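As a plain string of letters, each chain reads:
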Amino acid sequence: MTKTEEPAQNSCAPTYQCRLSLSTRTINHLADLLRRHLKAIRSRWRILPPGKIAVIVLAVLRHDQRLADMAGGNNVSESTVRRWRDELIGLLAAQAPRLDRALKKIARQGGRWS
């Protein structure tokens, strides 16, 4: 018997499914952000549709899934999943108000937060 690093012939990697409890609204919001961004940068295509990319990125962020695991399960490279994650985080961050502006708004309204 010899040791080998090669997979057995005609074998496939085992996969598993998990439940990702997110609303359709959340997934659609992220997918729409990506669609608008792709249109703005005149990107012709991505290997997966924006809705699928949104689900992959949300799984990475929500369940701390390893990038390599998500990549292998979706037939893309780990660097592609990392790029999608970083891109969508940037798109979400661009929508968030700046902290200094949010604090000034709260102060103007005479509110306090705890």
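(A) Just the overall build of the protein, in detail. Scanning the protein from N- to C-terminus turns up 5 helices and 0 strands. Each helix and strand of the protein, placed in order from N terminus to C terminus, yields the pattern α-α-α-α-α. By the burial criterion, 23% of the 114 residues in the protein qualify as buried. At a minimum sequence separation of 6, the contacts of the protein that also span at least 24 residues come to 60%.

(B) How the structure looks around the pattern of salt bridges. Tallied over the full model, the rule gives 6 salt bridges. Between Arg82 and Glu78 there is a salt bridge, with the nearest N and O atoms lying 3.2 Å from each other. Placement of both Arg82 and Glu78 in helix α4 (residues 78-95) is noted, with a separation of 4 residues, approximately one turn of the helix. Glu78 gets classed as partly exposed once you look at its relative accessible area, which sits at 37%. For Asp100, the salt bridge goes to Arg98, with nearest N and O atoms at 2.9 Å. The class of Arg98 is partly exposed, set by a relative accessible area of 46%.

(C) Broad picture of the packing of helix α1 (residues 24-40) against helix α2 (residues 50-63). Close contact between α1 and α2 brings their axes to 8 Å; oriented N to C, the two are set at 120 degrees. The pairing of α1 with α2 is recorded here as oblique in orientation. Once α1 is placed against α2, the crossing between them reads as right-handed. Contacts between α1 and α2 involve Thr26, Ile27, Leu30, Ala31, Leu34, Arg35 and Leu38 from the first element and Pro50, Gly51, Ile53, Ala54, Val55 and Leu58 from the second. The residue makeup of the contact of α1 with α2, split by class, is 10 nonpolar, 2 polar and 1 charged.

(D) Just the side chain of Asn74, in detail. Looking at the secondary structure, you find Asn74 in the loop between α3 (67-73) and α4. For Asn74, a relative accessible area of 16% translates into the label buried. Within the local environment of Asn74, its side chain forms a polar contact with the side chain of Lys52, the two groups lying 3.4 Å apart. Each residue touching Asn74, except ones within four places of it in the same chain, is listed here: Leu48, Lys52 and Ile56.

(E) Representation of the nonpolar core. By size, the foremost hydrophobic cluster in this structure holds 21 residues, and its most contacted members are Ile53, Val81, Trp84 and Leu88. The set of elements that each furnish at least two residues to this core consists of α1, α2, α3 and α4. Considering each element in turn, this core owes the most residues, 7 residues, to α2.

(F) View of α2. Across its 14 residues, α2 extends 20 Å between first and last C-alpha, which sits within 8% of the 20 Å expected from 1.5 Å per residue. The set of residues buried in α2 consists of Pro50, Ile53, Ala54, Ile56, Val57, Leu58, Ala59 and Val60. At the C-terminal side of α2, Asp64 shows a positive phi close to 55 degrees.

(G) Broad picture of a positive patch on the surface. A contiguous patch of positive charge on the surface is contributed by Arg101, Lys104, Lys105 and Arg108. Along the polypeptide, Lys105 turns up in helix α5 (residues 99-108). When its relative accessible area of 45% is taken as the criterion, Lys105 is described as partly exposed.

The rules behind each value
- Sequence positions are assigned chain by chain, starting from 1 and proceeding in written order.
- It should be noted that, the model being predicted, local features are given only for residues of pLDDT at least 70 and side-chain atom pairs only at 80 or more, the latter also being counted only at that level, while totals for whole chains, interfaces and linings use all residues.
- Water and hydrogen atoms were dropped before computing side-chain values, which therefore reflect all heavy atoms in the structure.
- A run of DSSP states H or I qualifies as a helix once it reaches four residues; a run of E qualifies as a strand once it reaches two. Both are numbered from the N-terminal end.
- Only protein chains enter the accessibility calculation, which uses a 1.4 Å probe; a residue whose area is less than 20% of its type maximum is buried, one above 50% is exposed, and one in between is partly exposed.
- A contact between two residues is defined here by any heavy atoms of the two lying within 4.5 Å.
- We define a salt bridge as a contact between a side-chain nitrogen of Lys or Arg and a carboxyl oxygen of Asp or Glu at a distance within 4 Å.
- All axes are obtained by fitting lines to C-alpha atoms, using only the stretch in contact for helices, and the reported angles, taken between N-to-C directions, cover 0 to 180 degrees.
- What sets the label is the angle itself: under 35 degrees gives roughly parallel, over 145 gives roughly antiparallel, 65 to 115 gives roughly perpendicular, and the rest give oblique.
- Crossings are sorted by hand: turned counterclockwise from the far helix by less than a right angle, the near helix makes the crossing left-handed, and turned clockwise it makes it right-handed.
- Throughout this entry, Asp, Glu, Lys and Arg are counted as charged residues, while Ala, Val, Leu, Ile, Met, Phe, Trp, Tyr, Cys and Pro are counted as nonpolar. The remaining residues, Gly among them, count as polar.
- Two N or O atoms count as a polar contact when they lie within 3.5 Å, although within protein this holds only if one can serve as hydrogen donor and the other as acceptor, and sequence-adjacent residues are included solely when both atoms are side-chain atoms.
- As used in this record, nonpolar core signifies buried Ala, Val, Leu, Ile, Met, Phe, Trp, Tyr and Cys residues forming a set joined through side-chain atoms within 4.5 Å.
- By this rule, a helix spans an expected 1.5 Å times one less than how many residues it contains.
- A patch consists of residues whose relative accessible area exceeds 30% and which take part in no salt bridge; residues with like charges are grouped when within 9 Å of each other, and nonpolar side chains (Val, Leu, Ile, Met, Phe, Trp, Tyr) when within 5 Å.
- Per-residue and other accessible areas were derived by the Shrake-Rupley procedure at a 1.4 Å probe size, with only the shown protein chains allowed to occlude residues.
- In this charge count, Lys and Arg are treated as positive and Asp and Glu as negative; neither His nor the chain ends contribute.
- Here the site of a charge means atom NZ of a Lys, CZ of an Arg, CG of an Asp or CD of a Glu.

These values are about where atoms sit, not about what they do.
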